[in-house]
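Coordinate inspection notes
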Amino acid sequence: MSETPVVGLLEYDEMVEEPGSSTISRRTWYHYVLIVAALLFAAISLGFVGTIFWSSWPEWIHHGTTLLTGKGWTSPDGPFGGLPMILGTLETSLIALVIAVIIGLGTSISIVFFIPRQFRTIVATLVELLAAIPSVVYGLWGLLVIAPWMQTTVNPWLNSWPFAKAIFGNSGQEFGTSLLLASIVLGIMILPTFVAISREVIAVVPQDLMEASLSLGATRWQMIREVVLPTAKIGLFGATFLALARATGETVAVALVAGSVANVQFHLLYPGTSIAAWIATEFGEAQGNEISALMALGVLLMLLNVCLALISRSLVTRQRRALARV
Amino acid sequence: MSNLIDLEEPKDTGHDMRAEIRRTSERVRARRVATSRIMVVLCSVALLVAAVPLVLLMYQLFKQGLGQINWKFFTTLPTTPTLIDPTGTGGISNDIIGTIALTVYASIVAIPLGVLVGVYLAETDSKLATTLRVVSQTMAGAPSILMGLFAFSLIVHDLNVGFSSIAGAFALAVLMLPVIIISTEIAVRNVPLTLREAGLALGAKSHKVSLGIVLPSALTGIVTGVILAISRAVGETAPVLLVIGGGYTNSWKPFDPVSSMPLAIFENAKSEWPSQRAQVWGIALVLVIFVFILSLTARIWASRKQQVRN
Amino acid sequence: MTEIKTEVQSSSPAERGPIAMQLHDVAVSFHGRVAVRDCTFDVAKNRVTSLIGPSGSGKTTLLRALNRLHDLTPGAKVSGKITLEGTDIYRGNLTVTELRTRVGMVFQRPNPFPTMSIYDNVVSGLRFNGVKKKSLLDESAEASLRSAALWDSVSSRLKVAASNLSGGEQQRLCIARALALDPEVLLMDEPTSALDPIATLHIEELMKDLKSRVTVIIVTHNMQQAARISDDCAFLLMGEDRAGELIEFDTTEKIFNNPDDSRTLDYTLGRFG
C-alpha cells in the first residue's frame, strides 16, 4: 500500500478500517454496483471472444488446414479456403499503410513544424473529421466516384506501360473495383489514425533537443531527420502498427470497392477481397457450415488485430517512458 | 583541480583540420539549405494531398446529395424502382427510425455500464481493473465486424431472437462500451486529488465523494466520450449488417427487423437502378452531417472544459 | 572541498581588446510585447562575458537572440543591431546555419541527443555541416573531448549511448559538441543550474581555460559564479512595464565593487532578486 501514492476511493474505505473495529467490510452498496458492472463487462468481453471461437470450432476441427491454405470458397457446401482473404487482407493493408505512412508523416511534420499556430487547430479538426466520416461513406465514394475514374483513366494509363501491366495485370474489370482501389481507399481511411498519433509523438520531442541541433548549424530538415524522427522512432512505429490494425479490420469500404472475388490474386488491378470484407459479403447468404467457416475467418481477424494492437500499444508506451527519461 | 583540464595546445594538424572542416562546410552549405527547402515543400505537399480526399468527398456529397433531400425523403418508406417507375425510390423513414432505435437501445445499456466500469477502473488498482483496462483498450480497436459476429452467435442464433434491432443494438453497445470506459476513466482520473481529499477530510463516505464531487467534476469528459461513442455507433455498418435483417417498415419494436442509414447506403450503393444509387448520396449526406455535428460538439465540449481548467 | 576563490580580473573597458560581437539597441519582443530592450554593449574577444539579473529580466531571451534561436518562435521579433566580426547577423550576408556554426550554444539542461552515442553526439555538428571524412571526424572528436576535459573518462566507451553519462559529464559532452565546430563565440545559458556543486566547479574551471580559443557569453542567476568566472558583466533588470532592460555593462570588477547604478549594487549585495 505504501507504494501507491494515489489511493482510489474504493481502497480508501478499506484502508481506514482499523484493527479491532468491526470485521464487517465497510464496502457500501456503491462498491458492489461498480464491481458488478466490472464483472459484467468482463463477462461480455469473455463472451465476445468465447462465442466467436465456439461458433467457429467445428470448422477448425474438420477443415483447419483448408481455412488457412485453401484457395477457393465454394458456397454453400465448401470447401472454404481462406487463403485469398488472408492474402487480400495483407496486400491491401500493406499498400494502404505505405500510402498512409508517406503522406501521413509529411502531414504530421507539416502540422507540427511548418503550419502557423493559428491554423493548427483547424487542420487538427479537419483530420478528426476525416476520421469521423463513416467507412461506408468512403466505400460509397470509392465505388461511385473513384472506381469509374480508375476504370476510364488510371487503369488504361497503367496498362499503357508494359512494365506496370506486368505488375498490376490487365484491367478488364467492368466497374473499376480492384485490390488497388481498395488499397487506396484504405490508405485514405487510415491516414487520420496515423496522423493523430504520429503528430502527438512528434510534438512531444523535447524542444531543447531541436534547439541544440539548430545551434550546431543544422537546417530545419536536418533537425527533423537527424534528431526529431530518431527520437520519435518507437512511437512512430506504434502509430504504424495501429494504422495497420485499422486497415486489416476495415470491412464495408473494402467490401464495396475490392470487387468481392475470392481468388488468390497478386495483380492488383484484379478484384479481390479481404477477411473482414468477405465476412460482410457472404454472411447474408450463408448457412450451416459456411457460417462456421466465416466465424473462423473472424477468429483469424481477431488474432491478427490483437497482435497488431498489442505491439502498437507496447511501442507507444515505450516511447512515452523513453521521453520521460530524457 | 588543475590537472583536470587538459587543454590541448593546437597541434600542427589542428589548423589543417579546422580549415578542412570550414571548407567542407562552405562547400555543402547551399546544398543543405536547398535540400531543407525541398523537404519543407514536400511535407507541405503531403499535407495538401491528405486534404484532397476530404475536399473531393465533401464536394461529391453535397453536389449529389443535396438534390435528393426533401420532405418526402425523410417521411416515406422506400420503394423499389420498377421498369414503369424507374425513379420511384421513396424515402428513408425506416432507415432513420432504425438508426435512432439502434442507437438509443445501445446507449441505454452502454452508457451506464460504461461509465460505471470507467469509474471502477479509475478508483481501484485491483488485478481485475488492470486486466479490464487492457481488454477495453484492445476492444476499442477491434474490427467492428467482430461485434456483428458476436451478436449473431449470441443473440440471433443461440438465444434464438432472430434478426432484430435488439441484436443490432447489442452489437453497437459492445462497440460503444470500450470508448465510454476509456474516456470515463481518463476523466475521473483527471479530477484533482485535492477535491477528493477535501471531501474525504470532511468525513464523507467514499460513494458520496464519488457521486457528489468526483463524477460532477468529470462530467464534461464523460459526456465528450459518450458523444464520440454515439457518433461512432451511428455510422457503423459492419456490426449491424449481420444481425438487423433490413426491415422495410417503420418500427421501434426491439424484436422487429430494422434497417439503418449506413446499411441502406451499403445495400443500395451497388443497386442496378441509377435512381437508387443517386439516392444513396442523400442518405450519406444526412449521415455525415449528423456525425460531424456530433464529433464537433464533442470537440467543442472538450475544449471548453480545457478552458475552464486553465 | 576546494575553497572557491573569488578572482576578479582587472582591466578597464578600453583595454579589453578586439571585439567579437557588438549589440546596439537590441530589443526582443513576442507578439508586440517587449521582453528585453535597450541592450547596447560590446563583447570582447577571448573573454568571458556574463549576463546577470533577477528572473524575468530577459537574460536568456537576449542570449538566444545572439544565434537567432528566436527565428523559430512565432511572433518573436528582434530589433536593433547585432554584429559578429562586423557582420550584421540578422541583415548581413550571413546565413542562419553559418551563423550558428560560428556562434555555438550550451543549454540550461544537459541535452545530448538521446538516440546517439557519445561519439555521434560530439561529431553531430560536423555531420550536420556535411563533414563525412572518418579521419577528420575522429580527430575532431578527440580534440573536442579533450578540450571539454572528457576524453580521459570516455575514450574507451565512445560508442555508448550518451544518456549513460552523469549530468555533469553530459553537460561537458554538450560543450564538446559545440566546440567541435570550432565556434568563435560560445553562448551558455545557465549551464550549471542543473548540476551538482562538483560538476559545476568542473564546468567553471573549463570555462576559464576555454577563453583562450573562444569568446564565452554566459547567462547565470548565480552572482558568485559571475564574479568567479567572468571578465565583463551585463546587469539586466525588469522595468516597470515588465520588460527587461540593460542597467549597466562593465568589467566584472567594477560591477561587483563599484557600480555606477545603485540598483546594480543592491542586486550584487543580494538586497533583492
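Residues numbered from 1 in each chain as written. Chains lettered and ligands numbered in written order. Predicted model: local features only at pLDDT ≥ 70, side-chain atom pairs only at ≥ 80, totals over all residues.

We now examine the overall build of chain C. Scanning chain C for helices and strands turns up ten helices and ten strands. Computed over its C-alpha atoms, the radius of gyration of chain C comes to 18 Å, within 12% of the 19 Å expected for a compact globule of 273 residues. Counting over 273 residues, chain C shows a buried share of 51%. Within chain C, counting contacts between residues at least 6 apart in sequence, those at least 24 apart form 70% of the total. (Helix = DSSP H or I, 4+ residues; strand = E, 2+ residues; numbered from the N terminus. Rg over C-alpha atoms; globule rule 2.2 N^0.38 Å. Buried ≥ 20, exposed ≤ 12 C-beta atoms within 10 Å, placed from the backbone. Contact = placed C-beta atoms within 7 Å.)

To continue, consider the overall build of chain A. Of the regular secondary structure elements, chain A holds 13 helices and zero strands. In chain A, the succession of α and β elements from N to C terminus is α-α-α-α-α-α-α-α-α-α-α-α-α. Here chain A holds 326 residues, and the buried ones make up 56% of them.

For the pair helix H2 (residues 29-69) of chain A and helix H4 (residues 127-140) of chain B, interaxial distance at closest approach is 11 Å and the crossing angle is 45°. Accordingly, the angle class assigned to the pair H2 of chain A and H4 of chain B is oblique. You can see that H2 of chain A and H4 of chain B cross each other, and the crossing is left-handed. Residue-level inspection shows Ala-38, Phe-41, Ala-42 and Ser-45 of chain A of H2 of chain A in contact with H4 of chain B, the latter providing Leu-128, Leu-132, Val-135 and Met-139 of chain B. Along the lines of polarity and charge, the residues of the contact of H2 of chain A with H4 of chain B split into seven nonpolar, one polar and no charged. (Axes fitted to C-alpha atoms, helices over the stretch in contact; angles between N-to-C directions. Parallel < 35°, antiparallel > 145°, perpendicular 65-115°, else oblique. Left-handed = near helix turned anticlockwise from the far one by under 90°. Nonpolar A, V, L, I, M, F, W, Y, C, P; charged D, E, K, R; others polar.)

On to the interface of chain A and chain B, then. Contacts between the two partners involve 71 residues from chain A, matched on the other side by 73 residues from chain B. Here the element with the most residues in the side of chain A that touches chain B is H2 of chain A; it accounts for 16 residues. Looking at the side of chain A that touches chain B, its residues break down into 47 nonpolar, 19 polar and five charged.

Glancing now at the nonpolar core. By size, the foremost hydrophobic cluster in this structure holds 281 residues, and its most contacted members are Leu-140 and Val-185 of chain A together with Ala-151, Ala-171, Met-176, Ile-265 and Ala-284 of chain B. Setting aside its immediate chain neighbours within four residues, Leu-140 of chain A contacts Leu-256 of chain A together with Ile-265, Ala-269, Val-280 and Ala-284 of chain B. (Core = buried A, V, L, I, M, F, W, Y, C linked by C-beta atoms within 7 Å.)

Confidence in the prediction of chain A, expressed as mean pLDDT, is 85, and 90% of residues score 70 or more. Of the regions scoring below 50 in pLDDT, residues 17-25 of chain A engages in one contact with residues more than four places distant in sequence or in other chains. (pLDDT = per-residue confidence, 0-100.)

With that settled, the discussion passes to the interface of chain C and chain A. Taken residue by residue, the interface counts 20 residues in chain C and 19 residues in chain A. In terms of residue class, the side of chain C that touches chain A is made up of eight nonpolar, nine polar and three charged.

Moving on, we get to helix H7 (residues 197-210) of chain C. All names here are of chain C. With 14 residues, H7 should reach 20 Å at 1.5 Å per residue; the first-to-last C-alpha distance of 20 Å fits that figure. The set of residues buried in H7 consists of His-202, Ile-203, Leu-206, Met-207 and Leu-210. Viewed along the axis of H7, the buried residues span an arc of 140°, placing them on a single side of the element. Exposed and oriented more than 90 degrees from the buried face of H7 are Pro-197 and Ile-198. Those residues of H7 hidden inside the fold are in contact with strand E3 (48-52), helix H6 (167-179), strand E7 (185-189), strand E8 (215-219) and helix H8 (223-229). (Expected span 1.5 Å × (residues − 1). Arc of directions from axis to C-beta.)

Residues and elements named next belong to chain A. Here Val-195 is to be found in helix H7 (residues 179-203). Overall, Val-195 belongs to the buried group, with 29 C-beta atoms counted inside 10 Å. Sequence separation between Val-195 and Ile-275 is 80 residues; the distance between their C-alpha atoms is 25 Å.

Residue and element names in this part refer to chain A. With respect to the helices, strands and loops of the structure, Phe-168 is situated in helix H6 (residues 162-168). For Phe-168, a count of 21 C-beta atoms within 10 Å translates into the label buried. Considered as a pair, Phe-168 and Leu-268 are 100 residues apart in the sequence and their alpha carbons are 4.9 Å apart. Apart from the residues within four sequence positions on either side, Phe-168 is in contact with Leu-158, Leu-180, His-267, Leu-268 and Leu-269.

Our focus in this paragraph is the packing of helix H3 (residues 83-114) of chain A against H7 of chain A. All names here are of chain A. Packing of H3 against H7 brings their axes to within 6 Å, and their N-to-C directions diverge by 40°. Of the possible angle classes, the one that applies to H3 and H7 is oblique. You can see that H3 and H7 cross each other, and the crossing is right-handed. Of the residues contributing to the contact of H3 with H7, the split by class is 20 nonpolar, nine polar and two charged.

A word on the pairing of E8 of chain C. All names here are of chain C. Extensive coverage of E8 is indicated by the burial of five of its five residues. Residues Thr-215, Ile-217 and Val-219 of E8 are buried on one face, and the alternating residues Val-216 and Ile-218, pointing to the opposite face, are buried as well. Across four bridges, E3 lies against E8 in parallel orientation. Bridge pairing links Ser-50 to Ile-218 in E8. Across five bridges, the pairing between E7 and E8 is parallel. If you follow Leu-186 over to E8, its bridge partner there is Val-216. The β-α-β motif built from E7, the intervening H7 and the parallel element E8 has right-handed crossover chirality. (Pairing = 2+ DSSP bridges. Right-handed = clockwise from strand over helix to strand, strands pointing away.)

Moving on to unusual backbone geometry. One non-glycine residue, Ser-260 of chain A, lies in the positive phi region at around 50°. Within the element layout of this structure, Ser-260 of chain A appears in the loop between helix H11 (252-257) and helix H12 (275-282). Accessibility expressed as a C-beta count within 10 Å gives 19 for Ser-260 of chain A, which makes it partly exposed. Its identity as a non-glycine residue notwithstanding, Arg-242 of chain C has a phi of 65°, on the positive side. Relative to the elements of secondary structure, Arg-242 of chain C occurs in the loop between strand E9 (232-238) and strand E10 (244-251).

All names here are of chain C. Here we have ten strands laid out as an open sheet, ordered E5-E4-E1-E2-E10-E9-E3-E8-E7-E6, and mixed in their pairing. Strand pairing shows two members of the sheet lacking a second neighbour, strand E5 (87-88) and strand E6 (103-106), which therefore form its edges. In terms of strand pairing, E6 meets E7 through four bridges, oriented parallel. Across the sheet, Val-106 pairs through a bridge with Met-188, a residue of E7.

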